[in-house]
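# Structural characterization, general
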Amino acid sequence: MFDPHSVPADPLATSALAARGLEYRRVDPADEPALQAWVQAETRGFHHARPEAPELRRALQVSRQRNVRGVYDPTAHDPQVPVATVDGWPSGLSVPGGRSVDAWAVSSVTVSPTHRRRGIARALLEAQLRYAKAAGAALAMLTVTEATIYGRYGFGPAASAATVHVDRRRAHWIGPESPGRVQFVEPADLIGKAPAIARRAVARTPGEIDRWPGLLERHFGLVDPGSADARALRVARYDDAAGQAQGFVAFRVVRAPDEPGALECDVFVAATDDAERELWRFLVEQDFVTEARVRLRSVDEPLPWLLEDPRAVSLHEISDHLWLRVLDPVAALSARDYGTAGTLTLEIADPLGHAEGTFVLDVSGDGHAEVRRTGDARPDAANGARPEARHDAQADAASSHPRSGRRSRAQAAHGLRIDARDLASIYLGGTRPSVLARAGRLAELAPGSLAVADRLFHAPRTPHLSIWF
Ligand SMILES: CC(C)(COP(=O)(O)OP(=O)(O)OC[C@H]1O[C@@H](n2cnc3c(N)ncnc32)[C@H](O)[C@@H]1OP(=O)(O)O)[C@@H](O)C(=O)NCCC(=O)NCCS
């Protein structure tokens, strides 16, 4: 696996920030005071309370696994505390077809309100994209607090999430009986098995990313087990008929004295459909509870079909949760499976250059794609200079490809002219190309191309990400 600490400082970000009197530095994972100052700055950047000792220890431990960068102002009251933070690390991203593609996760993007709107975030983000490329990542990815910031860097929303509310009084179960069983377990007893269950759940859901060490401990309240939050947390596990653990939930019930409560669940991990159904049943059939609120679920849950009254279920806080940025179209597009056989040309425009070019996607009957670049990449792509688009797709696509056989020119010319950020949004199958075309965001190269693109990019499972990062 690529070592996130091996990435050298980005010279463009260093010089852009130096021109503003600022220092762009990697935070040495062994330098405890520097890492602590960075964590404190990041916490303040997100307007969170100062972390208590156990949470600080956890944050330091997680940061040590990442490429941590800070921007420092030598003239500030405390020049050891960064005025901007960011971190990044290599991580798998699940794609349609069950494979994982090499991606680069970006997190902790903050700029102090004292230093805002001076181009610091832009310098940090553009450098992250170059680190991602250097690490061999096909895509960069992040979750966002605001939807207006990242499009300018070529990110597009790619997988959504929602809070599922269930009215307990109307939740009469009509789903099939499961051969397994759900039982309460102590978090500390499950933590050993949980990563393997989570890995299988991640693999079957496009849009999920690898869980990093320490995340499940936090989800299980094991970072600070004596805290009120951790003590309120209950964990239940689903075992299949063979006794194999296949899923778990972590939840709490909040209620006033002598009043029925509301169940709140932030952690729902299911490696099989049986586990998913039975864990839902367990959550929605609790007594002395009026409502279940389960966060970061798919917008396409099977739950309404498992209840006699589907209106017991409602979706709230539907959000564009996972944002992707395609950096290497050949690697990214080859990794996923497609909905049908077919050939499509993609003329990708990318203001930052990384994904710029013309590519032909040739999908065989088994859903696998062969992807080749037919238009030049700009030689200046990697250093962020704005390239000029080259629209030679029809001619390229008309040239015969060994696996395409003989095709008429009209057939071969199916294609889209698309911006990198919109390619990110159709990549996992969460948004249909024809919807973006209706929004005027992409264009067909030949009539009929949108129908082909819709069929190709269709994914059998709606993309979904169930964590923040
Ligand atoms: C969002 C944030 C990182 C921006 O930092 P910044 O250094 O002020 O941003 P920059 O000066 O580099 O601006 C970069 C671009 O983003 C735009 N931008 C910055 N913040 C924005 C916001 N909140 N909404 C919309 N656009 C924004 C700027 O106008 C600029 O556009 P341009 O380059 O196309 O002219 C900073 O305001 C912040 O730390 N906010 C709180 C934490 C947060 O929300 N982080 C994002 C985590 S996902």
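Residues numbered from 1 in each chain as written. Predicted model: local features only at pLDDT ≥ 70, side-chain atom pairs only at ≥ 80, totals over all residues. Heavy atoms only, no water.

The protein is annotated in an unreviewed UniProt entry as Acetyltransferase of Agromyces terreus. As its UniProt record puts it under Subunit (unreviewed entry), the protein is described as follows: "Homohexamer; trimer of dimers." On record in UniProt, under Sequence similarities (unreviewed entry), the comment for the protein is "Belongs to the acetyltransferase Eis family." (UniProt positions renumbered as here; feature names shortened; annotations may be inferred.)

### Concerning the site of the ligand
If you check the shell around the ligand, you find 21 residues, and the closest are Val109, Val111, Arg117, Gly119 and Arg152. One nitrogen or oxygen atom from the side chain of Thr148 is found 3.2 Å from a nitrogen atom belonging to the ligand. Surface burial for the ligand is 76%, taken as the share of its 910 Å² of free accessible area covered by protein chains. Counting only elements with at least two residues in the shell around the ligand, the list comes to strand 4 (100-111) and helix 4 (120-134). Among the residues making up the shell around the ligand, the classes are represented as nine nonpolar, six polar and six charged. (Near = heavy atom within 4 Å. Polar contact = N/O pair within 3.5 Å; in protein donor to acceptor, adjacent residues only side chain to side chain. Areas by Shrake-Rupley, 256 points an atom, 1.4 Å probe, with all protein chains shown as cover. Helix = DSSP H or I, 4+ residues; strand = E, 2+ residues; numbered from the N terminus. Nonpolar A, V, L, I, M, F, W, Y, C, P; charged D, E, K, R; others polar.)

### Observations regarding the environment of His414
Among the secondary structure elements, His414 is positioned in the loop between helix 12 (409-412) and strand 16 (415-419). As for His414 and Glu126, which are separated by 288 residues in sequence, their C-alpha atoms are 32 Å apart. In contact with His414, not counting residues within four places along its chain, are Thr343, Leu344, Thr345, Ala446, Pro447, Gly448, Ser449 and Val452. Here the side chain of His414 touches Pro447 through a polar contact of 3.5 Å, landing on its backbone oxygen. (Contact = heavy atoms within 4.5 Å.)

### Topic: the sheet that holds strand 16
Reading across from one edge, 15-14-13-16-17 is the order of the five strands in this open sheet, with mixed pairing throughout. Looking at which strands have only one partner, the edges of the open sheet turn out to be strand 15 (369-373) and strand 17 (443-444). Strand direction decides the pairing type here: strand 13 (residues 342-349) and strand 14 (residues 357-363), joined by seven bridges, are antiparallel. The residue bridging Thr343 from the neighbouring strand is Asp362, located in strand 14. With respect to the sheet, helix 13 (residues 420-427) is in contact with strand 13 and strand 16, its orientation differing from that of strand 16 by roughly 115°. (Pairing = 2+ DSSP bridges. Axes fitted to C-alpha atoms, helices over the stretch in contact; angles between N-to-C directions.)

### Some points on a nonpolar patch on the surface
Among the surface-exposed residues, Val299, Leu315 and Ile318 lie close enough to one another that they form a single nonpolar patch of about 230 Å² accessible area. Tracing the backbone through its elements, the reader meets Ile318 in strand 12 (residues 313-326). (Patch = residues over 30% accessible without salt bridge, like charges linked within 9 Å, V, L, I, M, F, W, Y side chains within 5 Å. Salt bridge = Lys/Arg side-chain N within 4 Å of Asp/Glu carboxyl O.)

### Quick look at unusual backbone geometry
Phi is positive for Asp258, which is not a glycine, with a value near 65°. Tracing the chain through its elements places Asp258 in the loop between strand 9 (245-254) and strand 10 (261-270).

### Structural notes on the pattern of salt bridges
With the rule as written, the count across this model stands at 28 salt bridges. For Arg204, the salt bridge goes to Glu276, with nearest N and O atoms at 3.9 Å. Placement of Arg204 in the loop between helix 6 (194-203) and helix 7 (215-219) and of Glu276 in helix 9 (residues 273-284) is noted, with a sequence separation of 72 residues between them. The buried category is assigned to Glu276, whose relative accessible area is 11%. In this structure, Arg211 engages Glu208 in a salt bridge whose closest nitrogen and oxygen atoms are separated by 2.9 Å. The network of salt bridges with shared partners includes Glu264, Asp266, Glu291, Arg293 and Arg295. (Buried < 20%, exposed > 50% of the residue type's maximum accessible area, 1.4 Å probe, protein only.)

### Structural notes on the domain arrangement of the protein
On domain assignment, one finds that the protein holds domain 1 (4-137), domain 2 (172-308) and domain 3 (329-457). Facing the 14 residues of domain 1 at the interface are 13 residues of domain 2. Surface buried jointly by domain 1 and domain 2 totals about 1100 Å² across both partners, of which 53% is contributed by carbon and sulfur atoms. For domain 1, the biggest contributors to the area lost against domain 2 are Pro54, Arg58 and Ser94; these three give 39% of the whole. Counting every contact that joins domain 1 to domain 2 gives one salt bridge. In this structure, the salt-bridge partner of Glu55 is Arg218, at a minimum N-O distance of 3.5 Å. Within the residue set of the side of domain 1 that touches domain 2, elements represented by two or more residues are helix 3 (53-64) and strand 3 (84-94). (Domains from an automatic or database assignment. Buried area = accessible area lost by both parts, 1.4 Å probe.)

### Describing the packing of helix 2 (residues 32-45) against helix 3
Describing two packed helices takes the angle between their axes plus the distance from one axis to the other. It is the contact of helix 2 with helix 3, at a shortest axis distance of 10 Å, that shows an interaxial angle of 105°. If you check the angle between helix 2 and helix 3, you find them roughly perpendicular. Between helix 2 and helix 3, the residues in contact are Glu32, Leu35, Gln36, Trp38, Val39 and Gln40 and Leu56, Ala59, Leu60, Ser63 and Arg64, respectively. In terms of residue class, the contact of helix 2 with helix 3 is built from six nonpolar, three polar and two charged. (Parallel < 35°, antiparallel > 145°, perpendicular 65-115°, else oblique.)

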